[in-house]
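As a plain string of letters, each chain reads:
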Amino acid sequence: MAEAERIIGTPDIPDADRDEQDRDGQRRAGTEGTAADTGRPGTEGTAADTGRPGTEGTAADTGRPGTDGAAADTGRPRGKRRIAVLFAVAAFAYALDLISKMIVVAKLEHHEPIEIVGDWLRFEAIRNAGAAFGFGEAFTVIFTVIAAAVIVVIIRLARKLYSLPWAIALGLLLGGALGNLTDRIFRSPGVFEGAVVDFIAPKHFAVFNLADSAIVCGGILIVLLSFRGLDPDGTVHKD
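Notes on the structure in this doc start here. In this text the structure is predicted, and so the values were computed from the model without any measurement.

1. Some remarks on the packing of aromatic side chains
Thought 1: Applying the stated rule across the entire model yields 2 aromatic pairs.
Thought 2: Between the aromatic rings of F123 and F199, the centroid separation amounts to 5.7 Å while the plane-to-plane angle is 75°, which identifies the pairing as edge-to-face. Pair noted here: F123 is in strand 2 (residues 121-128) and F199 is in strand 3 (residues 196-202), with a separation of 76 residues, a long-range link.
Thought 3: With a relative accessible area of 29%, F123 lands in the partly exposed category.
Thought 4: For F199, a relative accessible area of 6% gives the class buried.
Thought 5: The ring of W120 has K203 lying over it, and the distance from NZ or CZ to the ring centre is 4.7 Å.

Structure follows, in structure tokens:
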């Protein structure tokens, strides 16, 4: 049998069929090479090079810092604006009180009162050694210390101030306290014992000045804000 096969030989394969088999083998080899060379590496490379780093990089570089940075950047200017309002209101109230007292001392002291609305309201220069509206004249030094303490507390509270109404209220308190404290320090009879200049005299009421008015208005505004539940930091609480 073996000798017969040797004599007969392997049947000849046409050239066209042989070429087609060669092309099939090349295509199969090309497909396997592509799968081996590019399939997994391509997918893994994309996932490794772009998937995780891209996502994590975006989250790390823009996600958290972007949010936190925006909150920090908007928080700080907002706080500074409220502090600026506080000191602007305080400066205005203080300047108005100081100028009015200078005019009263120069033009009205030791003179007859000036009637503004008949005998219901008049301007009359009076030196007051007590607290606002003439109360407690025997405790001038104590009131001076209290005014200084109020100023320190307001300045410390300003660091946490984010509410515009609170900034206005505290500004009025600060300006009024500074106005009367200036009188306590620089006017006679001596340092920390000076008498405050009062000149607004309504009928059947105590004589007061613009600093007293600023203090009262600021206090009323603080009471209203407290009833509404608005805190100096801008938050609203409900009891």
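Back to the text.
2. Describing the sheet that holds strand 3
Thought 1: Spatial strand order, 1-2-3: 3 strands in an open sheet with antiparallel pairing. Each edge of the open sheet carries a strand with a single partner, namely strand 1 (114-117) and strand 3. When the angles between neighbouring strand axes are averaged without regard to direction, this sheet yields 35°.
Thought 2: Relative to strand 2, strand 1 runs antiparallel, the two being bridged by 3 bridges. Looking at the pairing, I114 lines up with F123 of strand 2.

3. Let's talk about the environment of S213
Thought 1: Within the element layout of this structure, S213 appears in helix 5 (residues 210-228).
Thought 2: When the C-alpha positions of S213 and I200 are compared, they lie 9.9 Å apart, and in sequence the two are 13 residues distant.

4. Section: the side chain of N128
Thought 1: Its place among the elements puts N128 in strand 2.
Thought 2: Exposure remark for N128: the relative accessible area of 4% places this residue in the buried category.
Thought 3: At 3.2 Å, the side chain of N128 and the side chain of D198 are in polar contact.

Parameters at a glance
Within every chain, residues take consecutive numbers counted from 1 along the sequence as written. pLDDT decides what is reported in this predicted model: residues at 70 or higher carry local features, side-chain atom pairs at 80 or more are listed and counted, and totals for whole chains, interfaces and linings draw on all residues regardless. Hydrogens and water are ignored here; the side-chain numbers use all heavy atoms of the structure. Stacked, edge-to-face and tilted are the three classes for Phe, Tyr and Trp ring pairs, Trp counted by its six-membered ring, which pair at centre distances within 6.5 Å; planes under 30 degrees apart are stacked, over 60 edge-to-face, the rest tilted. A run of DSSP states H or I qualifies as a helix once it reaches four residues; a run of E qualifies as a strand once it reaches two. Both are numbered from the N-terminal end. For every residue, the accessible area obtained with a 1.4 Å probe (protein chains only) is divided by the maximum for its type, and the residue is called buried under 20%, exposed over 50%, and partly exposed between those limits. Whether a charge lies above a ring is judged from NZ of Lys or CZ of Arg, which has to be within 6 Å of the ring centre and within 35 degrees of the ring normal. Note on pairing: two strands pair once DSSP finds at least 2 bridges between them. Axes, fitted as lines to C-alpha atoms, cover a helix only where it is in contact. Angles between the N-to-C directions of the axes lie from 0 to 180 degrees. Residues adjacent in sequence count toward polar contacts only when both atoms are side-chain atoms; beyond that, a polar contact is any pair of N or O atoms within 3.5 Å, and within protein one must be able to donate a hydrogen and the other to accept it.

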